[in-house]
Amino acid sequence: MKRRSFVKKTFQWVTGLGLLTGLYSWQIEPFWLQFVYVKMPLKNLPDALVGKTIMQISDIHVGNAFDYQYIIDSFKEAQELHPDFVVYTGDYVSYEDDGQIAQLQEVMQHVVKGSLGTIGVLGNHDYGIDFIEEPVAKRITKSLEAVGVTMLRNDAVEINGLNFLGMDDYWGSNFYPEKTTEKYNPDIANITLCHNPDVCDLPVWNNFKGWILSGHTHGGQVKPPFLPPLILPVKNKNYDAGIKDLKDGRTLYINSALGCLRQVRFNVRPEITVFELTKEV
């Protein structure tokens, strides 16, 4: 009888713990934003930009999968940090139909902008169904440009001696990375915005030296303690989240996403990254 009682109580505890974990993963962690602070040493950084900040926001996934009022609230919180630059690294919507364009426009009325510049690139979900709808990508681009985001589609823009290169998404229909990297200037400081980190392994970089800011993985969204994420939508499974030294003069940073495709996170809190610019020693 004692053994039966022990087994029964153990089952009750395990069941209760499972329910609490499920509730936490569904209702708490997906909305438990963290600001991650990272030093960004850059070669050829102008003296005037030392100590300036770049805020990275990625994968907001506005749509019907979760309450996107959380994105608006997060934007308002981020504005209080008064970033010098803001970069958006794609997946603005979880596209089902044109209703998401209207939802995105509602959210972007609260857009976080940098005092010196605001730059964005597209992600795979910004190409609509099956990532092949260029008209959807154009409408999303137009919506962002309307609120002051400089959208780079295989292009570059120099701001105060800092060269931002921006690639269209690897899985999208307008992926021409060589058009981007041909605008690499080794005589100034360079940062590339690239939604999918798998692009780092392609032979398209034109001897680029600098930082690459990406997203796409969401850090896996669910990561059991002491184990790798259960699902990563990349070929290179080393590309999960955080800083990756590519050992060739490139440093990759993978943002764990502000939003989510499905309202579940465990051990991978949503993130906005704040980089402090420093001179590379």
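Residues numbered from 1 in each chain as written. Predicted model: local features only at pLDDT ≥ 70, side-chain atom pairs only at ≥ 80, totals over all residues. Heavy atoms only, no water.

Engineer: Requested: an account of the overall build of the chain, with residues and values cited.
Structural biologist: Along its length, the chain carries five helices and 12 strands. Principal axes of the C-alpha set define a box for the chain whose edges measure 80 × 45 × 35 Å. As displayed, the chain offers around 13,300 Å² of accessible surface, 57% of which is attributable to carbon and sulfur atoms. Here the chain holds 27 positive side-chain charges and 33 negative ones, and the gap between their average locations is 11 Å. (Helix = DSSP H or I, 4+ residues; strand = E, 2+ residues; numbered from the N terminus. Areas by Shrake-Rupley, 256 points an atom, 1.4 Å probe, with all protein chains shown as cover. Lys, Arg positive; Asp, Glu negative; His and termini not counted. Charge placed at Lys NZ, Arg CZ, Asp CG, Glu CD.)

Engineer: Explain helix H3 (residues 99–107) to me, using residue names and the numbers behind them.
Structural biologist: Of all the positions in H3, only Gln100, Ile101, Gln103, Leu104 and Val107 are classed as buried. Viewed end-on, H3 has its buried residues packed into an arc of 160°, placing them on one side of the element. Packed against the buried residues of H3 are helix H2 (69–79) and helix H4 (134–145). (Buried < 20%, exposed > 50% of the residue type's maximum accessible area, 1.4 Å probe, protein only. Arc of directions from axis to C-beta. Contact = heavy atoms within 4.5 Å.)

Engineer: Can you break down the sheet that holds strand S5 (residues 150–151) residue by residue, with the values?
Structural biologist: The strand order across the open sheet formed by six strands is S1-S12-S2-S3-S4-S5, and the pairing between neighbours is mixed. The sheet is open, and its two borders are formed by strand S1 (34–42) and S5, each paired with just one other strand. Across four bridges, the pairing between strand S2 (residues 53–57) and strand S12 (residues 271–279) is antiparallel. From the neighbouring strand, threonine 53 faces S12, where its bridge partner is glutamate 276. (Pairing = 2+ DSSP bridges.)

Engineer: Which residues make up the confidence of the model for the chain, and what values go with them?
Structural biologist: Predicted confidence across the chain gives a mean pLDDT of 93, with 93% of residues reaching 70 or more. Taken as a whole, residues 6–14 scores under 50 in pLDDT and shows zero contacts with residues more than four places along the chain or in a different chain. (pLDDT = per-residue confidence, 0-100.)

Engineer: Give me the pattern of salt bridges: which residues, what numbers.
Structural biologist: Any two side chains of opposite charge can pair, so long as their charged atoms come close to each other. Taken as a whole, this structure holds 10 salt bridges when the rule is applied. Between lysine 39 and glutamate 276 there is a salt bridge whose closest N-O contact spans 2.8 Å. One end of the pair, lysine 39, is in strand S1; the other, glutamate 276, is in strand S12, and 237 residues separate them in sequence. A single network of salt bridges, built from pairs that share partners, joins Glu134, Arg153 and Asp168. (Salt bridge = Lys/Arg side-chain N within 4 Å of Asp/Glu carboxyl O.)

Engineer: Break down unusual backbone geometry for me, with residues and values.
Structural biologist: We note that asparagine 154 has phi near 60°; this positive angle belongs to a residue other than glycine. Its location among the elements puts asparagine 154 in the loop between S5 and strand S6 (155–159). The phi torsion at lysine 247 lies on the positive side, around 65°, for a residue other than glycine. Take lysine 247: it is sitting in the loop between strand S10 (242–245) and strand S11 (250–254).

Engineer: Tell me about the sheet that holds S10, and please be specific about residues and values.
Structural biologist: Remark on secondary structure: sheet strands pair via backbone hydrogen bonds, oriented parallel or antiparallel. The mixed open sheet is built from six strands, whose spatial order is S6-S7-S8-S9-S11-S10. Two strands close off the open sheet at either side, each with one partner strand: S6 and S10. Strand after strand, the sheet turns through a mean of 20° between neighbouring axes, direction not considered. Bridge analysis of S6 against strand S7 (residues 162–166) gives five bridges, and the strand direction is antiparallel. Each bridged residue has a counterpart across the sheet, and for isoleucine 159 the counterpart in S7 is leucine 162. (Axes fitted to C-alpha atoms, helices over the stretch in contact; angles between N-to-C directions.)

Engineer: Go over the packing of H3 against H4, please, and point to the residues and values.
Structural biologist: To characterise two packed helices, one gives the angle between the axes of the helices and the distance between these axes. For the pair H3 and H4, the least separation of the axes is 10 Å and the interaxial angle reads 15°. As summarised for this structure, H3 and H4 are arranged roughly parallel, according to the angle between their axes. Read as a crossing pair, H3 and H4 show a hand that is right-handed. Contact residues: H3 offers Ile101, Leu104 and Gln105, while H4 offers Arg139, Ile140 and Ser143. Along the lines of polarity and charge, the residues of the contact of H3 with H4 split into three nonpolar, two polar and one charged. (Parallel < 35°, antiparallel > 145°, perpendicular 65-115°, else oblique. Left-handed = near helix turned anticlockwise from the far one by under 90°. Nonpolar A, V, L, I, M, F, W, Y, C, P; charged D, E, K, R; others polar.)

Engineer: Which residues make up the nonpolar core, and what values go with them?
Structural biologist: One finds Ile57, Ile60, Phe75 and Tyr92 to be the most contacted residues of the largest nonpolar core, which totals 37 residues. Mapped onto this core, the elements with two or more residues apiece are S2, H2, strand S3 (85–89), H3, H4 and S12. At five residues, H2 tops the list of elements feeding residues into this core. Setting aside residues no more than four positions away along its own chain, isoleucine 57 makes contact with Phe75, Val86, Val87, Tyr88, Thr89, Val112, Leu258 and Ile272. (Core = buried A, V, L, I, M, F, W, Y, C linked by side-chain atoms within 4.5 Å.)

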